[in-house]
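One letter stands for each residue in the lines below.
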Amino acid sequence: MNTRHALVAAALAGLCATTVANAAEHDAPAAGNKEKCYGVAKAGQNDCASSDGAHSCAGQAATDNLPTEWAYVAKGTCEQAGGTLKPVKAGKKAAAAR
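1. A look at the overall build of the protein
Looking only at helices and strands, the protein has one helix and two strands in total. If you list the helices and strands of the protein from N to C, you get α-β-β. Burial analysis of the protein (98 residues in total) assigns 21% to the buried set. For the protein, contacts bridging at least 24 residues in sequence account for 62% of all contacts bridging at least 6.

2. Re the packing of aromatic side chains
Tallied over the full model, the rule gives one aromatic pair. Between the aromatic rings of Trp70 and Tyr72, the centroid separation amounts to 4.9 Å while the plane-to-plane angle is 80°, which identifies the pairing as edge-to-face. The cationic tip of Lys36 hangs over the ring face of Trp70; the distance from NZ or CZ to the ring centre is 4.5 Å.

3. Remarks on the environment of Asp64
Tracing the chain through its elements places Asp64 in the loop between β1 (34-38) and β2 (70-74). Spatially, the C-alpha atom of Asp64 lies 6.1 Å from that of Ala41, the residues being 23 residues apart in sequence. A polar side-chain atom of Asp64 sits 2.6 Å from the main-chain amide nitrogen of Ala43.

4. Considering the state of the cysteines
Should the sulfur atoms of two cysteines be covalently bonded, the bond is a disulfide. The full count for this structure, using the stated rule, is one disulfide. Cys37 shares a disulfide with Cys78; S-S distance 2.0 Å. With the S-S bond torsion at 80°, the cross-link from Cys37 to Cys78 turns out right-handed. Of this pair, Cys37 sits in strand β1 while Cys78 sits in the segment after β2; the two residues are 41 residues apart in sequence, bridging distant segments of the chain.

5. Observations regarding the side chain of Asn46
Within the secondary structure, Asn46 sits in the loop between β1 and β2. The exposure class of Asn46 is buried, given its relative accessible area of 3%. There is a polar contact of 2.8 Å between the side chain of Asn46 and the backbone nitrogen of Gln60. The contact partners of Asn46, leaving out residues within four places of it in the chain, are Ala41, His55, Cys57, Ala58, Gly59, Gln60, Ala61, Glu69 and Trp70.

6. Section: the environment of Gly76
Locating Gly76 in the fold gives a position in the segment after β2. With 42 residues separating them in the primary sequence, Gly76 and Lys34 have C-alpha atoms 8.5 Å apart.

Thresholds, definitions, all that
Once a new chain begins, its residue numbering starts again from 1 and follows that chain's sequence as written. Only residues with pLDDT of at least 70 are given local features in this predicted model, and only at 80 or more are side-chain atom pairs given and counted; all residues enter the totals for whole chains, interfaces and linings. As a rule here, side-chain values cover all heavy atoms of the structure and leave hydrogens and water aside. Only DSSP runs of H or I reaching four residues or more are called helices, and only runs of E reaching two or more are called strands; each is numbered from the N terminus. Burial classes: relative accessible area under 20% of the type maximum marks a residue as buried, over 50% as exposed, and values in between as partly exposed (1.4 Å probe, protein chains only). Every residue pair with non-hydrogen atoms within 4.5 Å of one another is taken to be in contact. Here a pair means two rings of Phe, Tyr or Trp (six-membered ring of Trp) with centres within 6.5 Å. Their orientation is stacked below 30 degrees between planes, edge-to-face above 60, and tilted elsewhere. Two conditions define a charge located above a ring, namely a distance within 6 Å from the ring centre to NZ of Lys or CZ of Arg, and an angle within 35 degrees of the ring normal. Two N or O atoms form a polar contact when they lie within 3.5 Å of each other; inside protein one atom must be a possible hydrogen donor and the other a possible acceptor, and for residues adjacent in sequence the pair counts only when both atoms belong to side chains. Only a pair of cysteine sulfur atoms within 2.5 Å qualifies as a disulfide here.

What follows is the structure in C-alpha cells.
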C-alpha cells in the first residue's frame, strides 16, 4: 500500500467514525428530555420495537396510533398528545387507539 492509498483509507475511516457517532447521537434521546409514548406513533414512524413483539424495528408500525407502538416525545407531553407511558404487553389485543 502506498502513501496515497494509506491517506485515502485514513480519510474514509475518519468519515465512517464520524458518521457512526452522529447517527448514534441522533437515535438516542437526550438524557431526561424525552420519554417513550405509546399510542401516538403514526404508521411507519414508530421509534423501535412494538411492546407486543409484533416486530423489532423502527418504522414498522402498520397503522396510526396503535397502543403497542411508541415514539419518543418531549418529557411531559405524552398524555397531552393522547398517548400513555405504559406499554401494552403481549397477549393483549392491539387495536387502534380512539
